[in-house]
Every structure is written in structure tokens, then in C-alpha cells.
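# Summary of the model geometry
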Amino acid sequence: MLDLKFIRENPDLVKQGIKNKNETDRVDEIISLDEKRRKIISEAEELKAKKNQVSAKIPQMKKAGEDTTKIFAEMKTVSDKITEMDISLRDLEGQLNSLMMFIPNLPHSTVPIGRTAEQNVEMRKWVPDGFSFETKNKVPDHTELGKKFNILDFERGAKISGSGFPVYVGKGATLERALINFMLDYHLANHNYKEVFPPFLVNRESMQATGQLPKMEDDMYAIEKDGLFPIPTAEVPITNLHRDELISEKELPINYVGYSACFRREAGSYGKESKGFLRVHQFNKVEMVKIVKPETSFDELEKLVKDAEDILQSLKIPYRIIMLCTGDLSFSASKCYDIETWSPAEQRWLEASSCSNFEDFQARRANIRFKRESGTKPEFVHTLNGSGLATSRLMVSILENYYTTDGIIKVPEVLKKYTGFNEIK
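Let me sum up the structure you'll find in this document. What you see is a predicted model; the values in this text were computed from it and never measured.

The subject of this paragraph is the pairing of strand S13 (residues 382-390). By the criterion of burial, S13 is predominantly enclosed, with nine of the nine residues buried. Strand direction decides the pairing type here: strand S7 (residues 282-292) and S13, joined by seven bridges, are antiparallel. Across the sheet, residue Lys-290 finds its bridge partner in S13, namely Leu-384. Sheet analysis places strand S10 (residues 348-357) next to S13, joined by three bridges and oriented antiparallel. Looking across to S13, one finds that Cys-355 is bridged to Gly-386.

We now examine the packing of aromatic side chains. Here the structure, examined in full by the defined rule, presents 15 aromatic pairs. Look at Phe-165 and Tyr-221: their rings are 6.5 Å apart centre to centre, the planes differ by 50°, and that puts the pair in the tilted class. With Phe-165 in the loop between helix H6 (154-160) and helix H7 (171-190) and Tyr-221 in the loop between helix H8 (204-210) and strand S4 (228-230), this pair connects stretches of sequence that are 56 residues apart. The class for Phe-165 is buried, based on a relative accessible area of 17%. Aromatic ring contacts, followed pair by pair, group Phe-131, Phe-133, Trp-342 and Trp-349 into a single cluster. Geometry around Phe-149 places Lys-148 over its ring, the cationic atom sitting 5.4 Å from the centre. In this structure, Lys-171 is placed above the aromatic ring of Phe-421, and the distance from its NZ or CZ to the ring centre is 4.7 Å.

What follows deals with unusual backbone geometry. The linkage connecting Leu-213 with the following residue, Pro-214, adopts the cis geometry, with an omega of 0°. Considering the arrangement of structural elements, one finds Pro-214 in the loop between H8 and S4. Cis geometry is found at the peptide bond from Gly-388 to Leu-389, where omega equals 10°. Of note, Asn-22 is a non-glycine position whose phi angle comes to about 60°, a positive value. Mapped onto the elements of the fold, Asn-22 is located in the loop between helix H2 (11-20) and helix H3 (27-63). Even without being glycine, Lys-316 reaches a positive phi, approximately 60°. Its place among the elements puts Lys-316 in the loop between helix H10 (297-315) and strand S8 (319-323).

What counts, and at which threshold
- Residues numbered from 1 in each chain as written.
- Predicted model: local features only at pLDDT ≥ 70, side-chain atom pairs only at ≥ 80, totals over all residues.
- Heavy atoms only, no water.
- Buried < 20%, exposed > 50% of the residue type's maximum accessible area, 1.4 Å probe, protein only.
- Helix = DSSP H or I, 4+ residues; strand = E, 2+ residues; numbered from the N terminus.
- Pairing = 2+ DSSP bridges.
- Phe/Tyr/Trp six-rings, centres within 6.5 Å; stacked < 30°, edge-to-face > 60°.
- Lys NZ or Arg CZ within 6 Å of the ring centre and 35° of its normal.

Printed below as a string of C-alpha cells:
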């Protein structure tokens, strides 16, 4: 959530940021409601001050034997007016808060301005020694490989739950579990994270705090009877660990890593590519979450990306780093890098990770603050998160990149101690 004072003092800047993000501009409506709210507050405070002054005189008037009937009647009118104003104020604040929830975070000044993903900027590529992009039509895609080796079963997943709910079978299930355990262990051993295993169901307050609600409610699964939501990412429960908390400066930065299953309805996306893992409603992900001081957050973003890169380099999977343009940024992010892995069969890059800095946008919604040792008033922290990594599209790249001309799938070296086997055949 943006600071209302900032919106009031910088309307044009906010409008431009909203426009650059392809979001709906509600700034004028917010400013109008805010003006009405502030006017009511001012008038109510004047009436309350008047009431207090007069109330202080009443005992003296009674003591002097003066008639207080008229003044009591006047104060009754003032009290009724104050009550009406308080009701109006609550209504206005409710409207204002609802509108504020739909105002996106503003893009950082270093983010390229653009309308669509085609205007994202490639920052760098990495490929392992001996890798070649010239493999078109030489590698079966991951769905064919899943059937050939009986390690993925999308048809039975559709029978059980519907399309977009994959089943991992045999060595496929073991490989998936190995990948998750490897990524967790690597982050813990090399990147100074604390592991968290969070709930997979969260309440509405948690979803609002990280920005999924109300903006993206149609994309989320919901358990309406219990007021709970299956999480779209572990970012939600992990960030909310510190909701409504005041953190001491010496505790920062806080670095968490955790595994979760993730659930996304993706309403309105049915025209998109939906083969196999290219679009799923349930997938696994190892998530990195950082809670940091404001002045360090953009350095921490670069570290976050590097932490995800280390995983891919260890797996020897080709990848590239993309800086998202303003129009492709998420609702809550001020700056984001996507990490895309190469699919030989698809002959294209597939998003496997997003690493984002939200600055204080989520912290304002979640009321996560910290107190500096210098004794200044509490400040909002900055929050960041990054996939470290999502397994579904990463699995596509592993299966296809490790498929050999001998018709087997080799297991990445770093995963062998987790799988107990060296190949799938």
C-alpha cells in the first residue's frame, strides 16, 4: 500500500506510475475522498473542543446557580452532530481504504518503461560448458518424456482433480523430491537463510498483506466456508510471520527459505499454452523471503537473484536474467527480475523464478516495522521475495536438457545423492 500522504503530495507522479504499470488510475477519487475525510476530521475536532470547553464551565454555572438548560440542549445538538460526523468518517475511511487497496506499487526509477513483456530487458545469459542451442526437433518435449519413462502422468492428474494438476510417478516423484531437498539444503548451507515450513492455507488478512487480495482474488482458490485461501506462493505465509510486529534493527536482515505447494486458479488464462507443466494449477516451489532495512533493499535484490542463479549453475541448466518493464511488473513489485530456463523442445525460455523488491508496499499493508538503535520513530521494513526455484518449468528444462542421444535421462550430478540413481531409462 502506498502512503496516503505521498499520494496527496505527489498525485502526478503516482498517476504516471500507475499508467506505466497498465493499472487503473483512481488517484483523483482518492484525493477527493481524502479531502472530505480531512474536512470532517477538522470540523469534528472543533466541535469536540467546543464541547469540552463548555462542559468544563457547566459545574461552575451550577455552583453559581445559573440555569444550564439551554447550554445542555446546545451540547446535545453538538454531540449528535459529532456522532453523525464519526459515522460519516468511518464510511469515508472504509471507501478510501478499499480504493487504496487497488493502487499498485510504483515502479522503481531503474525499471525500463514498457507496456508488454516484449519490452522486458535481457540482462545476461549463462550456459554450461559444451551447451548448444541447436537442438530443435532433436529432443522430445517433457510430456513425451514423461510418458516414455512413466515418470509423469498428466492424464490421471486430470482424472483426479482436473487439468493442471500433475502426478509425479516413480523416479519422477523421487527426482522432484530430490530437487526440492537439494535447493533447500543449498540455500541453508551457502546463503544464510533460516528454513520455514509454513501452512498451505492462510486467512484473508494474510493475502491482503502481501497484495494478492483484493486485486487478484479471481486468480486464487478459496475455501469460503472457513475464510481460507490455498497459498499461491510461500511468500504469503512467510512474509506474514511478522505481520503487526515491531522488529529491532539488530534482527535485520531476516532471510527465510521454505518449501510449499502452490495453488493458482489463473482465471481468464485458458487461451494460453497449457501443455503439461507450461501452465499448472498446483506446483512446488522453494521460496526465498527477505525482510530488510530500506537502505539495503536493492542490494538485497541483487543478492536474491544471485542465490537463485547459484542453484541453476549447480544444476548446469542454461538460463537468462530478464528485468521486467513497468507494464509487466506485478501489482506489488517496484522492481523485478525473472529468471528463465531453456527448453530445448520448446526452443524458448520458460520462467522459473521471479525475484522482486516490494520496498515498503507490503510492509504498510502488513504493518511490519522496525526500530533503529538510534531511537528514531519506527519505520516500515522493505520486503523481498524470490523463487529459489519453482520446480514445474525447471523440471521441463532438466528433463529435456539431460535427455541424451542414447535415449536416457541423466540425473544432474548434484541431485544423485538425493535420488539414489544416476539415470532414468
